[in-house]
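The lines below spell out each chain.
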Amino acid sequence: MAQLLNVEDYRRRARSALPRLVFDYIDGGAEDERCMQRNRDALEALPLIPECLRDTSKVDIGIELFGRRWRAPFGIAPIGLAGLVRPRADALLAAAAQAAGVPFVLSTASNTRIEDVRNAAPDAALWMQLYVMGERAIAERIVRHARNAGFEALVLTVDVPVSGLRERDLRHGFRVPMRLTPGTVLDMARHPAWLLRQAGGGMPQFANLLPDEEDSAPVSAQTQAALLSRAMDRTLTWDSLGWLRRLWDGPLLVKGLLGAEDARRALRHGADGIVVSNHGGRQLDAAPATIAALPAMLDAVGGRIPVLLDSGMRRGSDIVKALALGASAALVGRAPVYGLACGGEQGALSVLQLLAQETERTMTLLGASRVGELGRRHVEMHAPRSHAEQAGPAPVQAHGKASIYPAHAAA
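My aim in this report is to walk through the structure given alongside it, one point at a time. Throughout, a residue's number is its position along its own chain's written sequence, starting from 1. In keeping with the model being predicted, local features are shown solely for residues with a pLDDT of at least 70 and side-chain atom pairs are shown and tallied solely at 80 or more, while totals for entire chains, interfaces and linings include all residues. Values reported for side chains reflect all heavy atoms of the structure, with hydrogen atoms and water molecules removed beforehand.

**What about the overall build of the protein chain?**
Part 1 of the argument: A run of DSSP states H or I qualifies as a helix once it reaches four residues; a run of E qualifies as a strand once it reaches two. Both are numbered from the N-terminal end. The helix and strand inventory of the protein chain stands at 16 helices and ten strands.
Part 2 of the argument: Only protein chains enter the area calculation, which uses a 1.4 Å probe; residues under 20% of their type maximum are buried, those over 50% are exposed, and those in between are partly exposed. Within the protein chain, the fraction of its 411 residues that count as buried is 55%.
Part 3 of the argument: By definition, residues are in contact when any of their heavy atoms lie within 4.5 Å. Nonlocal contacts in the protein chain, meaning residues at least 24 apart in sequence, comprise 75% of its contacts between residues at least 6 apart.
Part 4 of the argument: Taken as a whole, the protein chain presents about 17,600 Å² of accessible surface, with 53% of it coming from carbon and sulfur. All accessible-area figures derive from a Shrake-Rupley calculation using a 1.4 Å probe, and residue coverage is judged against the displayed protein chains alone.

Set out below in structure tokens:
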């Protein structure tokens, strides 16, 4: 892995290491994948403005959030069905997060039991992501197990009333029940190392939906299909946060918000934090880039609760841009999974270390010795349009301004 110098290098290596069905599941997005591209374009369109002759002899990229010290200002976002990449993937990612000193958010759609993830990373900051499907008793059981295993925060994902149309997955027959084509079977056979590992680990299952000693009732096939397709209980409303509050007394975050009014609703209903997210471009393909939505979300909550951001992060400079605009922290999803595909726990850790190094280098070049010194003055909000943009139609006017980025006073 010495020649893997950036996340894109890990992505290319992961593509060669995994069958196309698995890689496309991790890498793909919804419909035409324009939201995925929008995330990248919006991040790349934001230049950073350095301040020179600043004392950066010591640079600290750590932050403190919800009473826990993070060694870097990002954590691992929830990744469902990571066991397709490598057996015990959730435990390996948690162990990598522990070694890097950052949180790991375990998905409801994980393939490793909550307790086994805790055992793999006994000192890690573990958070539990929650999908609420039709059978709310399942959600209550997951929350109970997470609480008993010492998970520190609950992250309710709310942008999945129905799954996004992920055409890459459909072309591979990725559904319940799985329908493998002859081409997919041949592709798997061409990846013997992956196939051997998977044969030893068995077919990934939704481990936290399996019967346990406390509740032996089997989970219905409909619920498992709903989890695979990320189809949430459509009767869930903002008032449902009160139900979760009765189950969970730790920090409660709402993930999947993109509008300022939803940010204010989260605040009014007692959320302890929000995650500005478009699900990595895997849900609404017409959704805005998260970095473009971030300033209005921050203004809506006015610093009263932490605001995190995910989707599209590929460089430490991307993370710094989010922090400079005012985000409390970032979450990265695909990047550590590419590392996992290349080298297991060590591969995932290498990606986290790479992002931390890039974050530190970017802050040093900006003249910021700690995260708290970053501000909106470091971000050029009205960036020049790219050659591609200049050749195409001008951005849609909004309130008399052509930029997709709102103007803000320097922080």
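**Some words on the pattern of salt bridges**
As a working rule, side chains carrying opposite charge can pair if their charged atoms are close by.
Part 1 of the argument: Salt bridges are counted wherever a side-chain nitrogen of Lys or Arg sits within 4 Å of a carboxyl oxygen of Asp or Glu. Enumeration over the complete set of coordinates arrives at 24 salt bridges.
Part 2 of the argument: The salt bridge involving Glu44 is made with Arg40; its shortest N-O contact spans 3.2 Å. With Glu44 and Arg40 both in helix α3 (residues 34–44) and four residues apart, the pair spans about one turn of that helix.
Part 3 of the argument: You can call Arg40 buried: its relative accessible area is 16%.
Part 4 of the argument: Here Asp299 ties to Arg376 by a salt bridge, and the two come within 3.5 Å at their closest N and O atoms. Highlighted residues: Asp299 in helix α13 (residues 290–301) and Arg376 in the loop between α15 (334–366) and α16 (387–391), separated in sequence by 77 residues.
Part 5 of the argument: Asp299 gets classed as partly exposed once you look at its relative accessible area, which sits at 44%.
Part 6 of the argument: When its relative accessible area of 12% is taken as the criterion, Arg376 is described as buried.
Part 7 of the argument: Residues joined in a network through salt bridges with shared partners are Glu8, Asp9, Arg11, Arg12, Arg20, Asp24, Asp27, Glu33 and Arg168.

**Side note on unusual backbone geometry**
Part 1 of the argument: Positive phi, normally seen in glycine, also occurs at Glu33, with a value near 60°.
Part 2 of the argument: Structurally, the position occupied by Glu33 is in the loop between α2 (20–27) and α3.
Part 3 of the argument: One non-glycine residue with positive phi stands out, namely His279, at about 60°.
Part 4 of the argument: The topology assignment puts His279 in the loop between β8 (273–276) and α13.
Part 5 of the argument: Judged by relative accessible area, which is 11%, His279 ranks as buried.

**What to know about the pairing of β8**
Part 1 of the argument: Burial along β8 is two-sided: Gly273 and Val275 facing one way and Ile274 and Val276 facing the other are all buried.
Part 2 of the argument: Direction of pairing for strand β7 (residues 252–257) relative to β8: parallel, over a ladder of four bridges. Opposite Lys255, over in β8, you have Val275 as the bridge partner.
Part 3 of the argument: Bridge count for β8 against strand β9 (residues 307–309) is three bridges, and the pairing is parallel. Residue pairing for β9: Val275 is matched across the bridge by Leu308. Two strands pair if DSSP finds at least two bridges between them.

**Some thoughts on the packing of aromatic side chains**
Part 1 of the argument: Note on aromatic pairs: the rings of Phe, Tyr and Trp (six-membered ring only in Trp) are paired at centre separations within 6.5 Å, and the planes decide the class, stacked below 30 degrees, edge-to-face beyond 60, tilted for the rest. Inspection of every chain in the model, using the stated rule, returns three aromatic pairs.
Part 2 of the argument: Relative to Tyr338, the ring of Phe23 has its centre 6.5 Å away and its plane inclined at 25°; by these criteria the two rings are stacked. Of this pair, Phe23 sits in helix α2 while Tyr338 sits in helix α15, placing them 315 residues apart in sequence. Accessibility classification places Phe23 together with Tyr338 in one group, the buried group.
Part 3 of the argument: Considering the side-chain rings of Trp70 and Trp127, the 5.8 Å spacing of their centres and the 70° angle between planes classify their relative orientation as edge-to-face. Of this pair, Trp70 sits in strand β2 (residues 68–70) while Trp127 sits in strand β5 (residues 126–130); the two residues are 57 residues apart in sequence, bridging distant segments of the chain. Accessibility classification places Trp70 together with Trp127 in one group, the buried group.
Part 4 of the argument: Ring-pair connections join several aromatic residues into one group, and the members of that group are Phe66, Trp70 and Trp127.
Part 5 of the argument: Sitting over a ring, as applied to charges here, requires NZ of Lys or CZ of Arg to be within 6 Å of the ring centre and within 35 degrees of the ring normal. Against the face of Trp243 rests Arg136, its NZ or CZ located 5.1 Å from the ring centre.
Part 6 of the argument: The positively charged end of Arg282 is found above the aromatic ring belonging to Tyr25, 5.1 Å away from the centroid.

**Brief notes about empty space enclosed by the protein**
Part 1 of the argument: Cavity and pocket criteria rest on a 1 Å grid covering protein atoms alone: a 1.4 Å probe that fits but cannot get out defines a cavity, protein on both sides within 12 Å along at least 5 of 7 lines defines an open pocket, and an atom within 4 Å of a point defines a lining residue. Grid points are joined across faces, edges and corners, and a volume is the space filled by probe spheres set on the points. Inspection of the entire model under this criterion finds two cavities of 30 Å³ or more.
Part 2 of the argument: Approximately 420 Å³ is the volume found for the largest cavity.
Part 3 of the argument: Along the wall of the largest cavity there are 28 residues; nearest its centre are Pro78, Ile79, His279, Arg282 and Gly333.
Part 4 of the argument: Mapped onto the lining of the largest cavity, the elements with two or more residues apiece are α2, β10 (329–332) and α15.
Part 5 of the argument: Top contributing element to the lining of the largest cavity by residue count: α15, with three residues.

**Notes on the environment of Arg15**
Part 1 of the argument: Examined against the element boundaries, Arg15 turns out to sit in helix α1 (residues 7–17).
Part 2 of the argument: Relative accessible area serves as the criterion here: at 39%, Arg15 is assigned to the partly exposed category.
Part 3 of the argument: Not counting residues up to four positions away in its chain, the partners in contact with Arg15 are Arg20 and Phe23.

**Focus on the packing of helix α12 (residues 260–268) against α13**
If you want to describe how two helices pack, look at the angle between their axes and the distance between the axes.
Part 1 of the argument: All axes are obtained by fitting lines to C-alpha atoms, using only the stretch in contact for helices, and the reported angles, taken between N-to-C directions, cover 0 to 180 degrees. At a closest axis distance of 8 Å, the pairing of α12 and α13 adopts a crossing angle of 35°. For the pair α12 and α13, the crossing hand works out as right-handed. Every residue of α13 that contacts α12 at Ala260, Ala263, Arg264 and Leu267 is listed here: Ala296, Met297, Ala300 and Val301.
Part 2 of the argument: Classifying every residue of the contact of α12 with α13 by side-chain character gives seven nonpolar, no polar and one charged. When the near helix sits turned anticlockwise from the far one by under a right angle, the crossing is termed left-handed; a clockwise turn instead gives a right-handed crossing. Amino acid classes used here: Ala, Val, Leu, Ile, Met, Phe, Trp, Tyr, Cys and Pro are nonpolar; Asp, Glu, Lys and Arg are charged; the rest, including Gly, are polar.

**Describing the nonpolar core**
Part 1 of the argument: Here, nonpolar core refers to any group of buried Ala, Val, Leu, Ile, Met, Phe, Trp, Tyr and Cys residues whose side-chain atoms link them within 4.5 Å. The biggest cluster of nonpolar side chains holds 129 residues, and the ones touching the most others in it are Phe151 and Leu294.
Part 2 of the argument: In this structure, Leu294 is in contact with Val276, Val307, Leu309, Ala322, Leu325 and Ala327, ignoring residues within four places of it in sequence.

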